[in-house]
Amino acid sequence: MKGVFVALLQEEQTAAPQGGVLGALERAGEWFIGLFQAGGETFVGFVTGIIPTLIVLLTFFYTLTNLIGEERIHRAARFAAGNILTRYTVLPVLAVFFLTNPMAYTFGTFLDERYKPAFYDSAVSFVHPPLGIFPHVNPAELFVWLGVARGLQNLNLPLGPLAVRYIIAGLIVIFIRGIVTQYITFFLARRQGVEL
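How each quantity is defined
Residues numbered from 1 in each chain as written. Predicted model: local features only at pLDDT ≥ 70, side-chain atom pairs only at ≥ 80, totals over all residues. Heavy atoms only, no water. Helix = DSSP H or I, 4+ residues; strand = E, 2+ residues; numbered from the N terminus. Buried < 20%, exposed > 50% of the residue type's maximum accessible area, 1.4 Å probe, protein only. Contact = heavy atoms within 4.5 Å. Areas by Shrake-Rupley, 256 points an atom, 1.4 Å probe, with all protein chains shown as cover. Lys, Arg positive; Asp, Glu negative; His and termini not counted. Charge placed at Lys NZ, Arg CZ, Asp CG, Glu CD. Arc of directions from axis to C-beta. Salt bridge = Lys/Arg side-chain N within 4 Å of Asp/Glu carboxyl O.

A. How the structure looks around the overall build of the protein chain. Looking only at helices and strands, one finds nine helices and zero strands in the protein chain. Start at the N end of the protein chain and walk to the C end: the helices and strands fall as α-α-α-α-α-α-α-α-α. Each of the three principal axes of the protein chain carries a C-alpha extent, and together these read 80 × 45 × 35 Å. Expressed as a percentage of its 196 residues, the buried residues of the protein chain come to 29%. For the protein chain, restricting intrachain contacts to residue pairs at least 6 apart in sequence, the fraction spanning at least 24 positions comes to 62%. Put simply, the protein chain shows about 12700 Å² of open surface, and 68% of that area lies on carbon and sulfur atoms. The distance from the centre of the 13 positive side-chain charges to the centre of the 12 negative ones in the protein chain is 14 Å.

B. Main features of helix α4 (residues 70–80). By the burial criterion, the buried members of α4 are I73, A77 and A80. One side of α4 holds all its buried residues, which, seen down the axis, span an arc of 60°. Relative to its buried face, α4 has exposed residues pointing more than 90 degrees away, namely R72 and F79.

C. Broad picture of the pattern of salt bridges. Summed over all chains, the structure comprises three salt bridges. Of the charged contacts in the structure, one is a salt bridge between E113 and K116, with a shortest N-O distance of 2.8 Å. Assessed through its relative accessible area of 51%, E113 is described here as exposed. Since its relative accessible area comes to 26%, K116 is described here as partly exposed. The partner of R177 in a salt bridge is D121, and the shortest N-O contact between them spans 2.6 Å.

Below, the structure written as structure tokens:
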């Protein structure tokens, strides 16, 4: 029986590809299973590569937060909330760096109600830019950076300069978004007669 099974498998492997509807279904099935095989290979790469790195990074930054002390970090956050420049640059960076996504948005508790929408907009806009250097800030969406990084590696280009530029661009964008959102919030509140 075993010999018959092996012979059938060998015959199947040497058979010419079929045309027509059955051939199309065969190719579609091969493509479909190939998609999941590629996903499995990517998953294995994550398990042996980035996941252990993320666990170590998360452990390090939680340890750093505990060593510095939550109260000191909260004091720095209250200071950063004091003016428009630090409110939409330093505060979102501290929040994303120390608390990571999605806990970073809780730093909005240090702000007056009128500044919270703009802070949220700044913080949510900064969860991708630091991924190239600090992947712990948003590990669930690391695939975005990894896709860009893979393309650069295929071109034999360094990743460091892009990662730094990505952070600088992110800082500029979060500052602009914070200011624009703050003024939109003020405009809408005034127009609707809402006291913030």
